[in-house]
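What follows is each chain in one-letter form.
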Amino acid sequence: MLRSEFRLTGLAFVVYAGYAAVLLHPLWAYNGTHVAGYDYFNYNWNFWWIRFAPQHGLDIYLNNFVMFPALSNYGYHALTAFWYPAWALLEPFWGTLTSINVIITTACILNGLLLFIWLRSEGIHPALALLSGVMLQTLPITRYWYYNTHLNLMDWFWIPGLLLLWKGIWSGVVRRERLRITDFAGLAGKSLIFGVALWALLLTDLQFPIFASFIVVPYGLL
């Protein structure tokens, strides 16, 4: 059963990666010369700034560049710090435009894949789960975010991801009548991962905790 589910997940990954290639092909056809939408400058600059500021002893979120000595809030210019490690790893080799395209494509694949994995964990038929992931990948509003470089709003994989993490904690408790020390250690590790995921959610965009609260909290109570 586990091996069969693993094969299904592998097949789903291939489908979502292929669909992302079709959906985002203009970004790659014109990679390096064209950019996605009117917000491209913000996120390319954001990641440069997140790297530049600490190197020069500057605060990422506050500075007095505009109206000295008054401070200006640079929170908008440090949005989506969650994706910064990926950009920092790729940018020296491929440049910022290609790195951003990799991030957009990765998010597109994860949107479909994590929704598929969560729906399968709930017993949804593979075909319906697969179709649901494709729908999330291709919704008009989702495509709008891809094609306007809204790296902070395209990351809907967080919702099924958090549901999966919570389900892992819950199942670790209910499967056992009596918890041993080793069980507590495993649950503590899962809880720590869940906490890190919530922190990463905050680093993606402050709107996502609002979205997640209307899904993750009721699911947790259920």
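Caption draft 1: Highlighting the nonpolar core. Core analysis: the biggest nonpolar cluster contains 50 residues, and Phe-47, Trp-83, Ile-104, Leu-151 and Met-154 have the highest contact counts within it. Element by element, the count of residues in this core is highest for helix α5 (residues 96–121), at 11 residues. Setting aside residues no more than four positions away along its own chain, Ile-104 makes contact with Leu-24, Leu-27, Ala-36, Tyr-146, Thr-149, Leu-151 and Met-154.

Caption draft 2: Summary view of the side chain of Thr-98. You can see Thr-98 is positioned in helix α5. A polar contact of 3.0 Å, which involves the side chain of Thr-98, links it to the side chain of Asn-31. Setting aside chain neighbours within four positions, we find Thr-98 in contact with Trp-28 and Asn-31.

Caption draft 3: The packing of helix α1 (residues 2–23) against helix α6 (residues 126–138), seen in detail. The geometry of α1 relative to α6 is characterised by a closest axis approach of 11 Å and an angle of 25° between their N-to-C directions. Considering the angle they form, α1 stands roughly parallel to α6. Here α1 and α6 pass one another in a crossing that is right-handed. Between α1 and α6, the contacting residues are Leu-8, Ala-12, Val-15, Tyr-16, Tyr-19, Ala-20 and Leu-23 on the first element and Pro-126, Ala-129, Leu-130, Gly-133, Val-134, Gln-137 and Thr-138 on the second. A breakdown of the residues in the contact of α1 with α6 according to their chemical character gives 11 nonpolar, 3 polar and no charged.

Caption draft 4: Structural view of α5. In a regular helix each residue adds 1.5 Å, so 26 residues correspond to 38 Å; α5 covers 37 Å between its end C-alpha atoms and thus fits that length. Positive phi appears at Gly-123, one or two residues downstream of α5, with a value of about 85°.

Calculation criteria
Residues numbered from 1 in each chain as written. Predicted model: local features only at pLDDT ≥ 70, side-chain atom pairs only at ≥ 80, totals over all residues. Heavy atoms only, no water. Core = buried A, V, L, I, M, F, W, Y, C linked by side-chain atoms within 4.5 Å. Buried < 20%, exposed > 50% of the residue type's maximum accessible area, 1.4 Å probe, protein only. Helix = DSSP H or I, 4+ residues; strand = E, 2+ residues; numbered from the N terminus. Contact = heavy atoms within 4.5 Å. Polar contact = N/O pair within 3.5 Å; in protein donor to acceptor, adjacent residues only side chain to side chain. Axes fitted to C-alpha atoms, helices over the stretch in contact; angles between N-to-C directions. Parallel < 35°, antiparallel > 145°, perpendicular 65-115°, else oblique. Left-handed = near helix turned anticlockwise from the far one by under 90°. Nonpolar A, V, L, I, M, F, W, Y, C, P; charged D, E, K, R; others polar. Expected span 1.5 Å × (residues − 1).

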